[in-house]
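Close look at the chain arrangement
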Amino acid sequence: MDTRADGQDWLTDRFEEHRPQLRAVAYRMLGSVSEAEDAVQDAWLRLNRADTSEVENLGAWLTTVVARVCLNALRSREHRREDPLEVRVPDPIISSEDGADPERQAVLADSVGLAMLVVLETLTPAERLAFVLHDMFAVPFEEIAPMIERSPAAARQLASRARRRVQGQAPSPDPDLGRQRDVVNAFLAAARDGDFDALVSVLHPDVVLRSDGGTARARQTVLISGARAVAAQAVTFGRLSPFARPALINGAAGIVVVAQERPISVMAFTVAGGQIAAVDVLSDPDRLNALDLTVLDD
């Protein structure tokens, strides 16, 4: 009897049990599906090299490992970033309208919208770690503090600072998905008809439009605020309406624009109080081509 093989099988099974939460933690920390997968894989490699015989809570241990990997990745990203004010729309998680894809739902867990992820991009690495782990996964500050080499009180302050920024800049979406879809459909109809007044009426006065075109479409990387300014830009969306396919973007009503079987853009909407409070658009062709759109074919 090969006890080493049995032990490895047991470890593999335990890791797979925790994989959904680890991916969810990493996605919220990094806003990138591929980088989140890399972080989880790194945790698996570290688990295989570590002596975990005295680890009482393997899930907590793995969460700590993934969080540290993500923290290092965020710090490295911060050093590389030349323009701290650049618009970056995180990787969207796309599901069909029925939301039947269990793997994507596991990543989303409690559905963190793109608008919130965009705000998380503005936090320092330590703030983001403290907020994500404590507010989204209920990790105690006593466990967070050593990861960022701070006291528990300092970790609490970092999370509080991040929470204020998120609450101030990322509106809470309407929980009714059908209501969200009605508002988005009204927006698309007004854009298709070129009805400027109708567009303004469906947009919150302080609506924010963020568009990330990447390096290939740098001119499409913009940040626009205010209902009238966004409405003026939205009129140009009308010509894309025949190619718009409804989808869930991070658990909320959105659309994917597909022409000749190629994705042109992904549009995520944050609907709050019956109006659109945020529009996040990804039109970077390199990142779009990496998306899995087969879920929309169901």
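This text goes with the structure placed above it.
This text gives an overview of the structure that appears in the document. Quantities reported herein were computed from a predicted structural model and do not represent experimental measurements.

1. Describing the overall build of the chain
- Looking only at helices and strands, the chain features 12 helices and seven strands.
- Within the chain, the fraction of its 298 residues that count as buried is 48%.
- Long-range contacts, defined here as pairs at least 24 residues apart, represent 66% of the contacts in the chain between residues at least 6 apart.
- Carbon and sulfur atoms form 49% of the exposed surface of the chain, whose accessible area is close to 14,700 Å².

2. What about the sheet that holds strand β7 (residues 275–282)?
- In spatial order, the strands read β1-β4-β5-β6-β7-β2-β3; together these seven strands make up an open sheet with mixed pairing. A strand with exactly one partner marks an edge of an open sheet, and here the two such strands are β1 (94–95) and β3 (222–225).
- Of the strand pairs in this sheet, strand β5 (residues 252–259) and strand β6 (residues 262–272) are connected by six bridges, and their pairing is antiparallel. Paired with glycine 254 across the bridge in β6 is alanine 268.
- Packed onto the sheet, helix α9 (residues 177–193) meets β2 (203–212), β4 (244–249), β5, β6 and β7 and runs at close to 45° relative to β5.

3. Quick look at unusual backbone geometry
- We note that alanine 138 has phi near 55°; this positive angle belongs to a residue other than glycine.
- On the secondary structure map, alanine 138 appears in the loop between α6 (125–137) and α7 (141–148).
- Phi at glutamate 149 takes a positive value of approximately 55°, unusual for a residue other than glycine.
- By secondary structure assignment, the location of glutamate 149 is in the loop between α7 and α8 (152–169).
- Look at glutamate 149 and you get exposed, because its relative accessible area is 74%.

4. With respect to the pattern of salt bridges
- Per the stated rule, a full pass over the model turns up 15 salt bridges.
- In this structure, arginine 46 and aspartate 42 form a salt bridge, with 3.0 Å as the shortest nitrogen-oxygen distance. Residue arginine 46 and its partner aspartate 42 are both found in helix α2 (residues 33–49); the two are separated by four residues, about one turn of the helix.
- Exposure remark for arginine 46: the relative accessible area of 34% places this residue in the partly exposed category.
- For arginine 287, the salt bridge identified is with aspartate 91, shortest N-O distance 2.6 Å. One end of the pair, arginine 287, is in helix α12 (residues 285–289); the other, aspartate 91, is in the loop between α3 (58–80) and β1, with 196 residues separating them in the sequence.
- For arginine 287, a relative accessible area of 18% puts it in the buried group.
- Since its relative accessible area comes to 12%, aspartate 91 is described here as buried.
- What you see here is one network of salt bridges that share partners, running through Glu35, Arg77, Arg88, Glu121 and Arg128.

5. Observations regarding the packing of α2 against α3
- For the pair α2 and α3, interaxial distance at closest approach is 9 Å and the crossing angle is 130°. For the element pair α2 / α3, the angle class is oblique. Seen from above, α2 lies across α3 with right-handed handedness. Where α2 approaches α3, its residues Glu35, Ala39, Asp42, Ala43, Arg46 and Leu47 are matched on the opposing element by Leu58, Trp61, Leu62, Val65, Val66, Val69, Cys70 and Arg77.
- Per-class residue counts for the contact of α2 with α3 are 10 nonpolar, no polar and four charged.

6. So, α6
- Taking 1.5 Å of rise per residue, the 13 residues of α6 would be expected to cover 18 Å, and the 17 Å separating its terminal C-alpha atoms lies within 8% of that figure.
- The buried fraction of α6 is high, at 11 of 13 residues.
- Buried within α6 are the following residues: Pro125, Ala126, Glu127, Arg128, Leu129, Ala130, Phe131, Val132, Leu133, Met136 and Phe137.
- Immediately beyond the C-terminal end of α6, within one or two residues, lies alanine 138, with a positive phi of roughly 55°.

7. Looking at the environment of alanine 130
- Positionally, alanine 130 belongs in helix α6.
- With a relative accessible area of 0%, alanine 130 lands in the buried category.
- Separated by 25 residues in sequence, alanine 130 and alanine 155 have C-alpha atoms that sit 6.1 Å apart.
- In this structure, alanine 130 is in contact with Asp135, Ile144, Ala155, Leu158 and Ala159, ignoring residues within four places of it in sequence.

Conventions adopted
- Residues numbered from 1 in each chain as written.
- Predicted model: local features only at pLDDT ≥ 70, side-chain atom pairs only at ≥ 80, totals over all residues.
- Heavy atoms only, no water.
- Helix = DSSP H or I, 4+ residues; strand = E, 2+ residues; numbered from the N terminus.
- Buried < 20%, exposed > 50% of the residue type's maximum accessible area, 1.4 Å probe, protein only.
- Contact = heavy atoms within 4.5 Å.
- Areas by Shrake-Rupley, 256 points an atom, 1.4 Å probe, with all protein chains shown as cover.
- Pairing = 2+ DSSP bridges.
- Axes fitted to C-alpha atoms, helices over the stretch in contact; angles between N-to-C directions.
- Salt bridge = Lys/Arg side-chain N within 4 Å of Asp/Glu carboxyl O.
- Parallel < 35°, antiparallel > 145°, perpendicular 65-115°, else oblique.
- Left-handed = near helix turned anticlockwise from the far one by under 90°.
- Nonpolar A, V, L, I, M, F, W, Y, C, P; charged D, E, K, R; others polar.
- Expected span 1.5 Å × (residues − 1).

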